[in-house]
Amino acid sequence: MPESSSPRTVHARLPQLSAPHGSALLRSLTGPLARWLPRQRWFAGKGRPLSSLSLVAATELLSCSGSGPGPGLLHLLVRARHGGARDTTPDDCYQLLLGVRPVLPPALSPALVGRPTEGPLRGRAVYEALHDNRLATLMLERLRAPGRHGTLSFGRAPGTAIPSGLSARMLTGEQSNSSVVYGEEHILKLFRRVSPGVNPDLELPLALAEAGCARVPAPAAWFEASFPGAAAPEPDAEPLTLGVLVPYLAGSADGWQLALASLTQRTDFSGAARSLGRATAEVHTALATALPTDRLGRPELEEAAAAMTERLTDAAAAVPALRPYQSGLRRTYRALADYAARGGECPVQRLHGDLHLGQVLRTAEGEGWSLIDFEGEPARPLTDRRRPGPPVRDIAGMLRSFDYAACQHGTGGSWAESWSRANRAAYCRGYAETSGRDPLDQLELLRAYETDKAVYEVLYEARHRPHWLHVPMTAIRRLAAATVTAD
Ligand SMILES: Nc1ncnc2c1ncn2[C@@H]1O[C@H](COP(=O)(O)OP(=O)(O)O)[C@@H](O)[C@H]1O
Ligand SMILES: O=P(O)(O)O[C@H]1O[C@H](CO)[C@@H](O[C@H]2O[C@H](CO)[C@@H](O)[C@H](O)[C@H]2O)[C@H](O)[C@H]1O
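Quick notes on the rules
Residues numbered from 1 in each chain as written. Chains lettered and ligands numbered in written order. Predicted model: local features only at pLDDT ≥ 70, side-chain atom pairs only at ≥ 80, totals over all residues. Heavy atoms only, no water. UniProt positions renumbered as here; feature names shortened; annotations may be inferred. Helix = DSSP H or I, 4+ residues; strand = E, 2+ residues; numbered from the N terminus. Buried < 20%, exposed > 50% of the residue type's maximum accessible area, 1.4 Å probe, protein only. Expected span 1.5 Å × (residues − 1). Contact = heavy atoms within 4.5 Å. Near = heavy atom within 4 Å. Polar contact = N/O pair within 3.5 Å; in protein donor to acceptor, adjacent residues only side chain to side chain. Areas by Shrake-Rupley, 256 points an atom, 1.4 Å probe, with all protein chains shown as cover. Nonpolar A, V, L, I, M, F, W, Y, C, P; charged D, E, K, R; others polar. Axes fitted to C-alpha atoms, helices over the stretch in contact; angles between N-to-C directions. Parallel < 35°, antiparallel > 145°, perpendicular 65-115°, else oblique. Left-handed = near helix turned anticlockwise from the far one by under 90°. Phe/Tyr/Trp six-rings, centres within 6.5 Å; stacked < 30°, edge-to-face > 60°.

Going by an unreviewed UniProt entry, the protein carries the name Maltokinase and comes from Streptomyces hainanensis. Its UniProt record, at the heading Catalytic activity (unreviewed entry), says of the protein: "D-maltose + ATP = alpha-maltose 1-phosphate + ADP + H(+)".

Here you go:
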């Protein structure tokens, strides 16, 4: 089935925590959370009024009612509803890991969520637990020892060593989720917006590890929420993946930093781009071996072209700057439909789903590229992100990223343009060498998926970083004017 633009319906099966435990806690936390949540980088409902918060699940990992100075640890899944009666957007479910202390040490004050004025947490300081070394370490201990705590269950890959007593450091960079590094050994990603069903960022690295692919850090431990038994309001609700612990690649730099350094220093990047193409092909081959594959024929490719056209229409409705280019861009999608009509096919398999230079790491020892963050595009529903897709989608994502680096860097004019062209070509060459399939052989496919990605980026930038909107818009102008030729 091709990727669709269907609305998010995934939270329909989330259970609801029953009163009175849920309602008492919620009474304590609603005010502080309603103020704090919308300010978080990972909160996806910015710009839409938050109409209600409700608890899906609450688990006390460490007692929060003690009178001593030590912290309590509270795990919450919170459902956020937006807008008024006419807002049909599905609810979002967020994961929160909260510390609770009678008095907050000054070093933790930046992590403060709020001080409830009523309910069971009245008068206590509630804060982001992962900033507290003691609580972050406790999470590592839970991950070391598989087992169940309330709705949470902790799992661990057999035969992996996870040292204890490592100090924790929370990452502070731009992220869609939250991550904490333990020593220089492991990194735990805590997913923020969660949905029922296994997260591909656990599913795919586990499958790749089992297939012996060393290009992706192998999950050492993970945890999820599940609601088994008759006690749950909806016993068949699927488990939600909440966090994954993987080895930390100490001293690594991501592809985006390396690309910008190459642009600044005017150094050659084509060797790195070519080996990145090879690494992508290796991962694709391993995924196609480990997990189901299929082929898209004429009806499915026509459906894919129609879904792209619909995404373009939606994006143009939201971002006026796109409107003058719609008819030019639609030609690219028609070329895909014509390719299908001529009998063109396309393989589909599980993918990275949001491949760009920020998702690839290279260690100082130069052991080649590692790929991270297999979650897929954060705005797509989980069911969509777990569907097989054409490998060209990942390739198109990376090609866009070379273009992004050259354009965003803002210096060098034609030098930056030829930097981008050379690295796009080197990446495709590397991919072809390893996979035996040259992405440039099916230009209609590549161009359509690159256009679809650029349209997604226009919407992403308009919503998240309006001052970067000109970057994908530069590509939109080029793609709208181009005939389908290799460049
Ligand atoms: N295994 C790893 N080793 C070293 N750094 C990592 C590793 N995994 C992630 N990181 C760092 O953490 C950042 C965020 O990770 P990522 O999986 O992209 O999170 P998000 O989904 O929140 O964007 C990455 O940009 C990278 O700098
Ligand atoms: O990294 P995420 O999974 O959160 O992906 C989202 O954010 C990315 C930006 O952080 C965004 O990527 C776009 O900007 C990158 C440079 O910052 C560039 O390398 C990518 O090519 C470009 O798409 C990504 O689209 C979005 O899903």
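That covers the picture; the talk isn't over yet.
Caption draft 1: Quick look at unusual backbone geometry. Located in the positive-phi region is R266, a residue other than glycine, with phi close to 55°. Mapping R266 onto the fold places it in the loop between helix 4 (255-265) and helix 5 (270-290). The exposure class of R266 is partly exposed, given its relative accessible area of 48%. The phi dihedral of D373 is positive, around 60°, even though this residue is not glycine.

Caption draft 2: Local environment of helix 7 (residues 326-341). Spanning 16 residues, helix 7 covers 22 Å between terminal C-alpha atoms, matching the ideal 22 Å at 1.5 Å per step. Within helix 7, burial applies to Q326, G328, L329, T332, Y333, A335, L336, Y339 and A340. Where the residues of helix 7 are buried, they touch helix 6 (298-318), helix 11 (443-464) and helix 12 (470-481). Positive backbone phi, at 95°, marks G343, one or two positions downstream of helix 7.

Caption draft 3: Broad picture of the site of ligand 2. Taken together, 14 residues sit near ligand 2, with S176, S401, Y456, E457 and Y460 positioned nearest. One of the side-chain N or O atoms of H356 is found 3.2 Å from an oxygen atom in ligand 2. In this structure, Q359 approaches ligand 2 through a side-chain N or O atom, which is 3.4 Å from an oxygen atom. Contact with the protein chains covers 89% of the free accessible surface of ligand 2, which is 540 Å². Those elements that place two or more of their residues in the shell around ligand 2 are helix 9 (392-409) and helix 11. By residue number, the principal contributor to the shell around ligand 2 is helix 11, which donates three residues. Looking at side-chain class alone, the shell around ligand 2 contains six nonpolar, four polar and four charged residues.

Caption draft 4: Geometry of the packing of helix 9 against helix 11. Interaxial distance between helix 9 and helix 11 falls to 8 Å at its minimum, and their mutual angle equals 60°. When the axis of helix 9 is compared with that of helix 11, the two are oblique. Helix-helix and strand crossings are classified by hand; for helix 9 and helix 11 the assignment is right-handed. Residues V392, R393, I395, A396, G397, L399, R400 and Y404 of helix 9 lie in contact with helix 11, whose contacting residues are L445, L446, Y449, E450, K453, A454, E457 and E461. A breakdown of the residues in the contact of helix 9 with helix 11 according to their chemical character gives nine nonpolar, one polar and six charged.

Caption draft 5: Region of the structure containing the packing of aromatic side chains. All chains considered together, the criterion is met by 10 aromatic pairs. With a centroid separation of 6.4 Å and 40° between ring planes, the pair formed by Y404 and W468 is classed as tilted. You can see Y404 sitting in helix 9 and its partner W468 sitting in the loop between helix 11 and helix 12, a full 64 residues away along the chain. Judged by its relative accessible area of 7%, Y404 is buried. According to the relative accessible area criterion, W468 is buried, its value standing at 15%.

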